[in-house]
Every structure is written in structure tokens, then in C-alpha cells.
Amino acid sequence: MTVTLADVAARAQVSPATVSRVLNGNYPVAATTRERVLRAVDELDYVLNGPASALAAATSDLVGILVNDIADPFFGIMASAIQSEIGGPGGRAGGERLAVVCNTGGSPERELTYLTLLQRQRAAAVVLTGGAVEDEPHASAVAAKLRRLGEAGTRVVLCGRPPAPDASAIALTFDNRGGGRELTEHLIGLGHRRLGYIAGPEERTTTRHRLEGHRAALAAAGIEEDPRWTVHGRYDRRAGYEATLELLRRDPTLTAVVAANDSVALGACAALRESGLRIPEDVSVAGFDDLPFSIDVVPSLTTVRLPLAEAGARAGRIAMGREEPPHGGIATIRGELMVRGSSGTPRS
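Below, the structure is looked at part by part. Please read all numbers here as calculations on a predicted model, not as lab measurements.

Turning next to helix α8 (residues 176-189). In this model, α8 (14 residues) spans 20 Å end to end at C-alpha, consistent with the 20 Å of a helix rising 1.5 Å per residue. When we look at burial in α8, the residues that qualify are Asn176, Gly179, Gly180, Leu183, Thr184, His186, Leu187 and Ile188. After α8 finishes, the residue Gly191 shows a positive phi value of roughly 115°.

A separate point is the pattern of salt bridges. Here the structure, examined in full by the defined rule, presents 24 salt bridges. A salt bridge links Asp289 to Arg210, with the shortest nitrogen-to-oxygen separation between them at 2.8 Å. With Asp289 in the loop between β9 (284-286) and β10 (303-305) and Arg210 in helix α9 (residues 205-220), this pair connects stretches of sequence that are 79 residues apart. By relative accessible area, which is 2% here, Asp289 ends up buried.

Moving on: the packing of aromatic side chains. According to the stated counting rule, one finds two aromatic pairs in the structure shown. Seen from their ring centres, Phe74 and Phe75 are 5.0 Å apart, and the 75° between their planes marks the pair as edge-to-face. Phe74 gets classed as buried once you look at its relative accessible area, which sits at 10%. Among the aromatic residues, those joined into a cluster by ring pairs are Phe74, Phe75 and Phe174.

In this section: the environment of Tyr241. Structurally, the position occupied by Tyr241 is in helix α10 (residues 237-250). Residue Tyr241 is classed as partly exposed on the basis of its relative accessible area of 22%. Along the primary structure Tyr241 and Leu118 are separated by 123 residues, whereas in three dimensions their C-alpha atoms are 38 Å apart. Not counting residues within four places of it along the chain, the set of residues in contact with Tyr241 comprises Gly267, Ala268, Ala270, Ala271 and Glu274.

Time to look at the sheet that holds strand β11 (residues 330-333). The strand order β2-β1-β3-β4-β5-β11 describes an open sheet built from six strands, whose pairing is parallel. Of all the strands in the sheet, the pair left with one neighbour each is β2 (98-103) and β11. On average, each strand axis in the sheet is tilted by 15° relative to the strand beside it, whichever way the strands run. Packed onto the sheet, helix α6 (residues 108-120) meets β1 (62-67), β2 and β3 (125-129) and runs at close to 175° relative to β1.

One pass over the structure, following the stated rule, counts two cavities of 30 Å³ or more. There is about 110 Å³ of room inside the largest cavity. In terms of lining, the largest cavity is formed by 17 residues, of which the most central are Asn68, Thr104, Glu111, Arg161 and Arg204. Going through the elements one at a time, β1, α6 and β3 are the ones with two or more residues in the lining of the largest cavity. For the lining of the largest cavity, the residue count by class is six nonpolar, eight polar and three charged. Lining the second largest cavity we find Gly160, Arg161, Pro162, Thr173, Phe174, Asn176, Thr205, Thr206 and His209. Of all elements in the fold, only β5 (170-174) and α9 reach the threshold of two or more residues within the lining of the second largest cavity. Counting residues per element, the lining of the second largest cavity draws most heavily on α9, at three residues.

Running from amino to carboxyl end, α8 crosses α9 at an angle of 40°, the nearest separation of the two axes being 7 Å. Comparing the axis directions of α8 and α9 gives the class oblique. Crossing handedness for the pair α8 and α9: right-handed. Along the contact surface, α8 presents Asn176, Arg177, Gly180, Arg181, Thr184, Glu185 and Ile188, while α9 presents Thr206, Arg208, His209, Arg210, Glu212, Gly213, His214, Ala216, Ala217, Leu218 and Ala220. Across the contact of α8 with α9, the residue classes tally to five nonpolar, seven polar and six charged.

Burial along strand β8 (residues 256-259) is two-sided: Ala256 and Val258 and Val257 and Ala259, pointing in opposite directions, are all buried. The pairing of strand β6 (residues 195-199) with β8 spans four bridges and is classified as parallel. Bridge pairing in β8 links Gly196 to Val257. Pairing geometry for β8 and β9, over three bridges, is parallel. Bridge pairing links Val258 to Ala286 in β9. As a crossover connection, the stretch from β8 through helix α11 (residues 262-274) into β9 is right-handed.

Rules used in this analysis
- Residues numbered from 1 in each chain as written.
- Predicted model: local features only at pLDDT ≥ 70, side-chain atom pairs only at ≥ 80, totals over all residues.
- Heavy atoms only, no water.
- Helix = DSSP H or I, 4+ residues; strand = E, 2+ residues; numbered from the N terminus.
- Expected span 1.5 Å × (residues − 1).
- Buried < 20%, exposed > 50% of the residue type's maximum accessible area, 1.4 Å probe, protein only.
- Salt bridge = Lys/Arg side-chain N within 4 Å of Asp/Glu carboxyl O.
- Phe/Tyr/Trp six-rings, centres within 6.5 Å; stacked < 30°, edge-to-face > 60°.
- Contact = heavy atoms within 4.5 Å.
- Pairing = 2+ DSSP bridges.
- Axes fitted to C-alpha atoms, helices over the stretch in contact; angles between N-to-C directions.
- 1 Å grid on protein atoms, 1.4 Å probe; cavity = no way out; pocket = protein on both sides within 12 Å on 5 of 7 lines; lining within 4 Å.
- Points joined across faces, edges and corners; volume = space filled by probe spheres on them.
- Nonpolar A, V, L, I, M, F, W, Y, C, P; charged D, E, K, R; others polar.
- Parallel < 35°, antiparallel > 145°, perpendicular 65-115°, else oblique.
- Left-handed = near helix turned anticlockwise from the far one by under 90°.
- Right-handed = clockwise from strand over helix to strand, strands pointing away.

Structure follows, in C-alpha cells:
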């Protein structure tokens, strides 16, 4: 026999309306009453009719998390932290949300498709992670989608992503410029003057911001950048390997290589070793993000630590309405320079 809302109300000795309020989480209910309702739900094994509930309410129990590549630890760490904040208290039947991780593969078209699907599902919240694509038509299309989601009652949070113009989305953005500048200043402080830079894809905001920070440090130190010293590629190990070989071909006198992220830095280290160069005695290497493997490689990687888990958890709490958004809707999260064994003074 199917258990109904009325059965739960009778067991908890409350009205059906109170049960509905507890399960939908859309109205304040006394803690003791809430506990009685949740206990009755568990004892009767009541299953909320999700589609019917979504039709009755402004939003459903679905939360979308958009990532570029879930296999990349950068995105995996944030997605995991976001999801950890989405469930209801104690993992019980009142207040949980179903997290759906949407892997865009870096495709602007897939990003828009997922936003459309989440809008159709009346998602309770949507969290977009990582940098945005720098393409004006795409940026306008995304902003329009986010605006429509917000108007429909969906909470929209950007995590590690710049604010979207004309979209009422909360933005927790990383200070990629500041981190990029501090990293290069560290190498310059050690005495490096010929620094190769492996940048990410040209169309990504993260790429531009980190490269701008690098170039600002060079300019402040009076170092004229040689066009040969910058190579663009993907955010992966293979790209770092290939780009480093290209940098060495262009200028064998480089004494440092700055990588777009830690995965790229791993590839750079492999290319340097295969070329018979020691790290850091011959060439220093630096990454960005401080992914879990960075401290365990040999030598351990100098990098900029971004608080990925902390930022993801905060985004999840804001998405669920359990933390107040930052003042003005935007918070800038700074990184921390982690000086380790892969950077040293340049060879004489």
C-alpha cells in the first residue's frame, strides 16, 4: 500500500500542510516539529513525488554543477565540495537535493545546452565552476540563460569564475592575476630574467588573467618580454610537455618555466628531464592551483594554492541559502604562494 502525505501527517500528529513545508523546505518550521515529521517519513518510508512537487513549487530538488572536465582534479575537488553542502541535515528525507554534475568538455555549446536542460527541470540551484569562454556572443547567451534561471527562482552561483554581466548571479572569483604576478615575482626575486610561460587556451578568462599577472611582474621588474617565451596549449600534462620542448627549441637559455597549472607543470618537468636538464639546478618550474599531487612530485612543485575545496563548499552553502552571499554579490578569493623544491636560483 502506497504511503501518502496524509499518513505521514497522522503519524507526526501535524497537518498535511506542515509535512509539505518540512519536505519542501520553503517555510520556517519549529525544530521539534520538523524532527517529528522527518522521523515519521523515515518510519513509513515515505517517498516524495519529485515531479509533482516541482510542479507545485517554484523549483525542484535538482542542483546542477557545471564543470569543464570532471577528470581534472581542479574541477573534481570543487564539485565534490559543492555536493557535500547540498544534502539535507543528517541525510534524511527533508531538504536533500539531487546533485547532477554536467561535464561540458570545454564546449560552449554544451554549457548552454546544460543550462537550458536545468532551466526546464526547474533546478533549485546551478553552480558554474572554472573560467569562462571569452566570446561575446557566447557570454551574452550565458548571461541571458542565468538571468532567466534567476527570474524563475533558481539560485545561481559562479565558483572560480568572473562575474557574468547583466546576470544576477553570485560570483566567487579567484584572484588569478594576483596569483600569477606573485608567482613570477618569486622567480624574479631568485634572479631569473629569462622565463618561459606555458599559457592555457587563449579563449579562457583564467588564461588571460594569469598571463596578465605574469606580464605585470615582468614589466614591474623592467624585464622586456620576448614573444618567443610564451606558448599556448591545453590545461593538461601533454600540452605542458610539448610546449616545454617548443620553448627550449625557441630559446635554450631559459632558466625558468611558468606553467598555466600544475598538470601542465608536470609535463614541463618531464620534458626538461628528457632533455637532460635538472630541476631546479638548470631550469626552475612553477605551476598554479596546488593540486594534491603537487607536493608529492620530485622535486615538490612551487605553485599558487587556490582554496578549491573551501570555495566549492562556500558556493554550495550559498546555493542552498545556508550562507549569506558576499556584499555586492562578488567575492575575490586570493591564492597563496607555496615555495617548494622546483624553484631555485638560476645557473650562473
